[in-house]
Amino acid sequence: MKILLVRVSSLGDVLHNMPIVADIARHYPDAQIDWVVEEGYVSLVRLNGRVRNIIPFALRRWRKSLGKPETRAEIKAFFRTLRAEQYDFVFDTQGLLKTGIIMGAARVVKGGQKVGLANGSEGSGYEGISRFFHTKSIPLDPRTHAVARGRLVVGAALGYDANTPADFGLPAVSPSDPRPDWMPAGPYVVYFHGTARDAKKWAPASWIELGAALAPMAILLPWGSAKEKAEAEALAASLPNARLLPKLSMADAVLLARHAALAVGVDTGLTHIAAAFTTPTVEIYADSPRWKTEGNWSPKIINLGDRGTPPSVAEVLAAARSLLSAH
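Here's a quick rundown of the structure. Everything numeric here is computed off the predicted structure, so don't read it as measured data. (Residues numbered from 1 in each chain as written. Predicted model: local features only at pLDDT ≥ 70, side-chain atom pairs only at ≥ 80, totals over all residues. Heavy atoms only, no water.)

**A short note on the side chain of H134**
The following threshold applies: For helices the rule is a DSSP run of H or I covering at least 4 residues; for strands it is a run of E covering at least 2, with both sets numbered from the N terminus onward. Think of a polar contact as two N or O atoms within 3.5 Å of one another; within protein, one of them needs to be a possible hydrogen donor and the other a possible acceptor, and neighboring residues in sequence only count if both atoms come from side chains. We call two residues in contact whenever any of their non-hydrogen atoms come within 4.5 Å of each other.
Take H134: it is sitting in the loop between β5 (107-117) and β6 (136-138). Within the structure, the side chain of H134 is placed 3.3 Å from the backbone oxygen of S130, a separation counted as a polar contact. Looking at H134, its side chain comes within polar contact range of the side chain of S137, at 2.7 Å. Among all residues touching H134, those that are not within four sequence positions of it are M103, K114, G116 and L117.

Printed below as a string of structure tokens:
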């Protein structure tokens, strides 16, 4: 059986799609699984050894230079690669017009199916026009967890129940793994404090109070934009045990999450990466619904707060200490 997964972005959405691969492999061990994903997340998907071919999609870059001949050539090459294989099943678990177009362009064998979401979840960016490209649309409860949605769609089409704990297919940490120069030799806490929407952030004073209580353990501060860098610099200036990191590639950000003794983060992709690796993780929810993305597959993940009710420093500190002592 040949299967194509279409889930192109964003970071958290791509990550939450990964357990589908393990589900398919468990029920169809000989299945060949390919994946279309935004080029920036190829290194993340590549960590899952059960994915055969990764087809990079570069819409974020292409849309900045659509008039250039080299961009048009890249787009044509993408569709040639996409159509080089015939699949038994194509799954669009994102439900957008752009992912529907990719599904529509993909080739299936005679009797093959193109399967996607019949409806969106609460607050999602689902675009109903994506159903135009389906041969089968699977309806789900609008309050289905982000990880479960794709698993349930694929399970319904392939005839199995996706009712086991989520397996992201990510490699375990090994003592022999190389450690970049910016990574301490000893255990560290990473703060995933930055996110695009300010309302989802935790108060700077709370990060500082937490860091002071965790001293002398090293706290690493990543950042992804000039604004996040300024916020990280302000935290580092108030915490002698904190270290501002250089700008990291996606591969290095994954290493950062994977090797941490503890990750504390708001509702953002890098926090969810730490949880997917089952790094001891405290997930902080301040302005997004916890039911939608909370890490619920491991006792090493503690989820605190909810929309409109961010957790207190005392709650986060207690969770952090319990995870550090247990793991």
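This is not the end of the story, as more comes after the structure.
**Describing the packing of aromatic side chains**
Put simply, the rule is: Here the aromatic set is Phe, Tyr and Trp, taking the six-membered ring for Trp, and pairing holds for ring centres within 6.5 Å; pairs whose planes are under 30 degrees apart are stacked, those over 60 apart are edge-to-face, and all others are tilted. Only protein chains enter the accessibility calculation, which uses a 1.4 Å probe; a residue is then buried when its area is under 20% of its type maximum, exposed when over 50%, and partly exposed in between.
Applying the stated criterion across every chain yields a total of 9 aromatic pairs. Judged by centre distance (4.8 Å) and plane angle (55°), the ring pair of F168 and W297 falls under tilted. Taken together, the residues span a long stretch of sequence, with F168 in the loop between α7 (146-158) and β7 (188-192) and W297 in the loop between α12 (290-293) and β12 (301-305) at a distance of 129 residues. In terms of burial, F168 and W297 fall into one category: buried. Three or more aromatic residues link up through ring pairs in this structure, and these residues are F57, W62, F78 and F79.

**What to know about the sheet that holds strand β11 (residues 281-285)**
Under the convention used in this document: Only when DSSP finds a minimum of two bridges between them are two strands counted as paired. Fitted lines through C-alpha atoms give the axes, limited to the stretch in contact for helices. The angle between two N-to-C directions lies from 0 to 180 degrees.
Sheet architecture is open: 6 strands sit in the order β9-β8-β7-β10-β11-β12, paired in parallel fashion. Whereas interior strands pair on both sides, the edge strands pair on one side only; in this sheet they are β9 (242-244) and β12. Along the sheet, successive strands turn relative to each other by an average axial angle of 20°, direction set aside. Of the strand pairs in this sheet, strand β8 (residues 218-221) and β9 are connected by 3 bridges, and their pairing is parallel. Counted as the bridge partner of I219 is A242 from β9. On the sheet, helix α9 (residues 226-238) packs against β8 and β9 and is oriented at approximately 150° with respect to β9. In the packing of helix α10 (residues 250-259) onto the sheet, contacts are made with β7 and β8, and the angle to β7 comes to roughly 125°.

**Some points on α7**
We count it as follows: Expected span, for any helix, means 1.5 Å times one less than how many residues it has.
Taking 1.5 Å per residue, 13 residues should reach 18 Å; α7 reaches 19 Å between its end C-alpha atoms and fits that length. By the criterion of burial, α7 is predominantly enclosed, with 10 of the 13 residues buried. Looking one or two residues past α7, G159 carries a phi angle of roughly 85°, positive in sign.

**As for the nonpolar core**
Nonpolar side chains in soluble globular proteins generally cluster together in the buried interior. The following threshold applies: Nonpolar cores were defined as sets of buried Ala, Val, Leu, Ile, Met, Phe, Trp, Tyr and Cys residues, with membership established by side-chain atoms within 4.5 Å.
Counting residues in hydrophobic clusters, the biggest one holds 57 residues, and the most contacted among them are I24, W35, F91, F168 and L256. Beyond its immediate stretch of four places on either side in the chain, F168 contacts L15, H16, M18, P19, N48, V147, A276 and W297. Grouped together as the second largest cluster of nonpolar side chains are 25 residues, Y191, V266, I284 and L304 included.

**Quick notes on the sheet that holds strand β1 (residues 2-6)**
If you trace the 6 strands from one edge of the open sheet to the other, you get β3-β2-β1-β4-β5-β6, paired in parallel fashion. Each end of this open sheet is capped by a strand with a single partner; those strands are β3 (51-57) and β6. With strand direction ignored, the average angle separating the axes of adjacent strands in the sheet is 20°. Taken together, the 6 bridges between strand β4 (residues 86-92) and β5 define a ladder with parallel strand orientation.

**Regarding the packing of α10 against helix α11 (residues 269-276)**
Heads up, the condition is: Any angle that is under 35 degrees is reported as roughly parallel, and any over 145 degrees as roughly antiparallel; angles of 65 to 115 degrees are reported as roughly perpendicular and all others as oblique. For a crossing to be left-handed, the near helix must be turned anticlockwise from the far one by less than a right angle; the clockwise case is right-handed.
Put simply, α10 and α11 touch, their axes get as near as 8 Å, and they point 50° apart. When the interaxial angle is binned, α10 and α11 end up oblique. The chirality of how α10 crosses α11 is right-handed. Within the contact between the two elements, α10 uses A253, V254 and A257 and α11 uses L270, I273 and A274.

**Let's talk about the layout of surface pockets**
This is how the line gets drawn: Residues are said to line a cavity or pocket when one of their atoms sits within 4 Å of a point; the points come from a 1 Å grid over protein atoms alone, cavities being sets where a 1.4 Å probe fits but cannot get out and pockets being open sets with protein on both sides within 12 Å along at least five of seven lines. Grid points are joined across faces, edges and corners, and a volume is the space filled by probe spheres set on the points. When residue character is reported, Ala, Val, Leu, Ile, Met, Phe, Trp, Tyr, Cys and Pro are called nonpolar, Asp, Glu, Lys and Arg charged, and the others, Gly included, polar.
Each pocket or cavity is described by its volume, and for the second largest pocket that value is around 270 Å³. Lining the second largest pocket we find 16 residues, and of these V173, F277, T278, T279 and K300 sit closest to its centre. Looking at the lining of the second largest pocket residue by residue, the classes come out as 11 nonpolar, 3 polar and 2 charged.

**Considerations on the pattern of salt bridges**
Close approach of charged atoms allows side chains of opposite charge to pair. We count it as follows: Throughout this description, the term salt bridge denotes a Lys or Arg side-chain nitrogen within 4 Å of a carboxyl oxygen of Asp or Glu.
One pass over the full model with this rule turns up 16 salt bridges. Note that R143 is salt-bridged to E122, the shortest N-O span being 3.2 Å. A residue pair is termed long-range when its members are at least 10 positions apart, and R143 in the loop between β6 and α7 and E122 in the loop between β5 and β6 qualify at 21 residues. Accessibility expressed as a relative area gives 37% for E122, which makes it partly exposed.

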